[in-house]
Amino acid sequence: DAKTTQPNSMESNEEEPVHLPCNHSTISGTDYIHWYRQLPSQGPEYVIHGLTSNVNNRMASMAIAEDRKSSTLILHRATLRDAAVYYCILRDYGGATNKLIFGTGTLLAVQP
Amino acid sequence: GAGVSQTPSNKVTEKGKYVELRCDPISGHTALYWYRQSLGQGPEFLIYFQGTGAADDSGLPNDRFFAVRPEGSVSTLKIQRTERGDSAVYLCASSLGGWETQYFGPGTRLLVL
């Protein structure tokens, strides 16, 4: 399974944009890039996913590098509620399994 | 609508005992997953059900762990002869189909003394 690399932790100030990086240099052509986040004492929560193009939804945006070897999750205005562990996950829709393979993620701290 | 629910929210047991953890998926979701999360780590896949059958049980660590989903809805994760190393948060997720977005429950925190 393709592996992702994320910084262990990041800090942001409330109401400022946050850019969370993810490296996935061994990504394959059928791997979609997914982001989940886990708030304290809760289960993971889907944030966004994409294949090649930049994507947006009500929660966040994701920018994908042209060579697809890296991506960035963008929170446009961080709030205290966005403090969580953010996981970047590759899902191979051409593969045999649909399980999610989590790394250790990035712990985002948001300061008031 | 109602999300994935898990019971109990916390379970304390003694080494060697048997435990059952329950998951109620979102109504209509055919796929159900169990994950385990140790402190400071990301969730680790255990087993995936499509309907009543286990489509992928490659993550179950050993034969003390077993899961069922007899009617294609509620699932029970069963752990025999618990060990202290089994202490973790056990997470359940469901999805509409096998490749759809997975929705997670709040987890059951298991502590084996």
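Summary of the structure given here. (Residues numbered from 1 in each chain as written. Chains lettered and ligands numbered in written order. Predicted model: local features only at pLDDT ≥ 70, side-chain atom pairs only at ≥ 80, totals over all residues. Heavy atoms only, no water.)

**With respect to the packing of aromatic side chains**
Phase 1 of the analysis: Counted by the stated rule, this structure contains ten aromatic pairs over all chains.
Phase 2 of the analysis: Seen from their ring centres, Y36 of chain A and F104 of chain B are 6.1 Å apart, and the 85 degrees between their planes marks the pair as edge-to-face. With Y36 of chain A in strand 3 (residues 31–38) and F104 of chain B in strand 10 (residues 103–104), this residue pair bridges two chains.
Phase 3 of the analysis: Overall, the relative accessible area of 0% leaves Y36 of chain A in the buried class.
Phase 4 of the analysis: Relative accessible area serves as the criterion here: at 12%, F104 of chain B is assigned to the buried category.
Phase 5 of the analysis: Pairwise contacts between aromatic rings join Y36, Y46, Y87 and F102 of chain A together with Y33, Y35, F45, Y48 and F104 of chain B into one cluster. (Phe/Tyr/Trp six-rings, centres within 6.5 Å; stacked < 30°, edge-to-face > 60°. Helix = DSSP H or I, 4+ residues; strand = E, 2+ residues; numbered from the N terminus. Buried < 20%, exposed > 50% of the residue type's maximum accessible area, 1.4 Å probe, protein only.)

**Re the side chain of H24 of chain A**
Residue and element names in this part refer to chain A.
Phase 1 of the analysis: Relative to the helices and strands, H24 is located in the loop between strand 2 (18–23) and strand 3.
Phase 2 of the analysis: Polar contacts involving the side chain of H24 include one to the main-chain carbonyl oxygen of R68, which spans 2.8 Å.
Phase 3 of the analysis: Excluding residues within four positions of it along the chain, H24 makes contact with K3, T4, I33, R68, K69, S70, S71, C88 and L90. (Polar contact = N/O pair within 3.5 Å; in protein donor to acceptor, adjacent residues only side chain to side chain. Contact = heavy atoms within 4.5 Å.)

**Some words on the sheet that holds strand 2 of chain A**
All names here are of chain A.
Phase 1 of the analysis: Spatially, the four strands line up as an open sheet ordered 2-7-6-5, and their pairing is antiparallel. Unpaired on one side and paired on the other, strand 2 and strand 5 (55–56) mark the two borders of the sheet.
Phase 2 of the analysis: Relative to strand 7 (residues 70–75), strand 2 is paired through six bridges, and the arrangement is antiparallel. Note on strand 7: the bridge partner recorded for P21 is T72. (Pairing = 2+ DSSP bridges.)

**Focus: the state of the cysteines**
Phase 1 of the analysis: All told, the structure shown has two disulfides over all chains when counted by the stated rule.
Phase 2 of the analysis: Each sulfur of the disulfide joining C22 of chain A and C88 of chain A lies 2.1 Å from the other. Judged by the sign of its S-S torsion, about -85 degrees, the bond between C22 of chain A and C88 of chain A is left-handed. Linking C22 of chain A in strand 2 with C88 of chain A in strand 8 (residues 84–92), this pair joins segments that are 66 residues apart in sequence.
Phase 3 of the analysis: Disulfide pairing places C23 of chain B opposite C92 of chain B at an S-S distance of 1.8 Å. Disulfide C23 of chain B-C92 of chain B: the torsion about the S-S bond is -65 degrees, which places it as left-handed. Of this pair, C23 of chain B sits in strand 3 (residues 19–24) while C92 of chain B sits in strand 9 (residues 88–95), placing them 69 residues apart in sequence.
Phase 4 of the analysis: A relative accessible area of 0% places C92 of chain B in the buried class. (Disulfide = S-S within 2.5 Å.)

**Description of the pattern of salt bridges**
Pairing between side chains of opposite charge can happen when the charged atoms of each approach one another.
Residue and element names in this part refer to chain A.
Phase 1 of the analysis: Per the counting criterion, the structure on display carries seven salt bridges over all chains.
Phase 2 of the analysis: The closest approach of N and O atoms between E45 and R37, which form a salt bridge, is 2.9 Å.
Phase 3 of the analysis: Judged by its relative accessible area of 5%, R37 is buried.
Phase 4 of the analysis: Measuring nitrogen to oxygen at the nearest pair gives 2.8 Å for the salt bridge that ties D82 to R37. Highlighted residues: D82 in the loop between strand 7 and strand 8 and R37 in strand 3, separated in sequence by 45 residues.
Phase 5 of the analysis: One network of salt bridges, with partners in common, ties together R37, E45 and D82. (Salt bridge = Lys/Arg side-chain N within 4 Å of Asp/Glu carboxyl O.)

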